Amino acid sequence: MKNQNTIFITIVSALAFALAPVTKAVQNPEGGPDPIQGASTVVTQAVVTVHSTDNVTRGRIGSFVLAMKPTRMLGGTYVNFKVSGTAIAGVDYVLLVSPAYLGQSGYGVIQVKTLRDPRGSAFRQAYSVTITLEPGAGYAVGAASSATMWIKPALEASNN
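Presented here is an overview of the structure given in this document.

### A word on the overall build of the protein chain
Then step 1. Secondary structure summary: the protein chain contains 2 helices and 9 strands in total.
Then step 2. Put simply, the protein chain runs from its N terminus to its C terminus through helices and strands in the order α-α-β-β-β-β-β-β-β-β-β.
Then step 3. Long-range pairs, those at least 24 residues apart, make up 67% of the contacts in the protein chain with a sequence separation of at least 6.

### Focus: the nonpolar core
Then step 1. Phe 64, Leu 96 and Ile 110 are the most contacted members of the largest nonpolar core, which has 24 residues in total.
Then step 2. Listed by contribution, the elements that provide at least two residues to this core are β1 (46-52), β3 (61-69), β4 (77-84), β5 (100-102), β6 (107-113), β7 (127-134) and β9 (146-152).
Then step 3. If we skip the residues at most four places from it in the chain, Leu 96 touches Phe 81, Val 83, Ile 110, Gln 111, Val 112, Val 129 and Ile 131.

### Describing the environment of Gln 125
Then step 1. Along the chain, Gln 125 turns up in the loop between β6 and β7.
Then step 2. Between the C-alpha atoms of Gln 125 and Ala 154, which are 29 residues apart in sequence, the distance is 9.5 Å.

### Observations regarding a nonpolar patch on the surface
Then step 1. A surface patch of nonpolar side chains, about 290 Å² in accessible area, is lined by Val 94, Leu 95 and Val 97.
Then step 2. Note on placement: Leu 95 falls in the loop between β4 and β5.

### As for the sheet that holds β6
Then step 1. Spatial strand order, β6-β3-β1-β8: 4 strands in an open sheet with mixed pairing. Pairing within the sheet leaves two strands with one partner each, and these edge strands are β6 and β8 (139-141). On average, each strand axis in the sheet is tilted by 30 degrees relative to the strand beside it, whichever way the strands run.
Then step 2. Inspection of the sheet shows β1 paired to β3 by 6 bridges, in the antiparallel sense. Looking across to β3, one finds that Val 50 is bridged to Leu 66.

Rules and cut-offs
- Numbering of residues starts from 1 in each chain and follows the order in which that chain's sequence is written.
- In keeping with the model being predicted, local features are shown solely for residues with a pLDDT of at least 70 and side-chain atom pairs are shown and tallied solely at 80 or more, while totals for entire chains, interfaces and linings include all residues.
- With hydrogens and water stripped out, all remaining heavy atoms of the structure feed into the side-chain values.
- Secondary structure elements follow DSSP: runs of H or I no shorter than four residues count as helices, runs of E no shorter than two count as strands, and numbering proceeds from the N terminus.
- By the convention used here, residues are in contact when the closest approach between their heavy atoms is within 4.5 Å.
- The nonpolar core is taken to be a set of buried Ala, Val, Leu, Ile, Met, Phe, Trp, Tyr and Cys residues, with the residues joined through side-chain atoms within 4.5 Å.
- Here's how the labels work: a residue is buried when its accessible area is under 20% of the maximum for its type, exposed when over 50%, partly exposed in between, all with a 1.4 Å probe on protein chains only.
- Two joining distances apply to patches: 9 Å for like charges and 5 Å for nonpolar side chains (Val, Leu, Ile, Met, Phe, Trp, Tyr), and every residue must have over 30% relative accessible area and no salt bridge.
- Every accessible area reported is derived by Shrake-Rupley at a probe size of 1.4 Å, with residue values counting cover from the shown protein chains alone.
- Here, a salt bridge means any Lys or Arg side-chain nitrogen found within 4 Å of an Asp or Glu carboxyl oxygen.
- Two strands make a pair as long as DSSP finds a minimum of two bridges between them.
- Between N-to-C directions, angles span 0 to 180 degrees; the directions come from axes that are lines fitted to C-alpha atoms, helices contributing only their stretch in contact.

Structure (structure tokens):
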């Protein structure tokens, strides 16, 4: 009876070690595969990028387009960003608030509503707005992690 139990245990152990590389199982001190490691699945993390549609003339609305690949089947996600550049929020454009929402389609838009130039016609120059994506839960930042848009002066003075 002892020999049969020993043979059975030896065969089960050999089978477990033979199948471990196939199932990527790890022997647990309590016996069987590790429940945490055994439950892991390969999840492809979404990658988000940003692009500017073009420069914008003062008094108009410009856009930054956010794209996420692969898309989410059950809804969108929020993406964190920061704003920099030579343009001043509240002076050159309406304040932009992070995060931006990307819908189920995998796309989102950050609109930049430009304001009239309070500096006067003597300081007619272009000012930049740069959006830089920041990492967050559920997504990674892609190679196009920032984009710049220039707010160009209007053809005629905008202080009238």
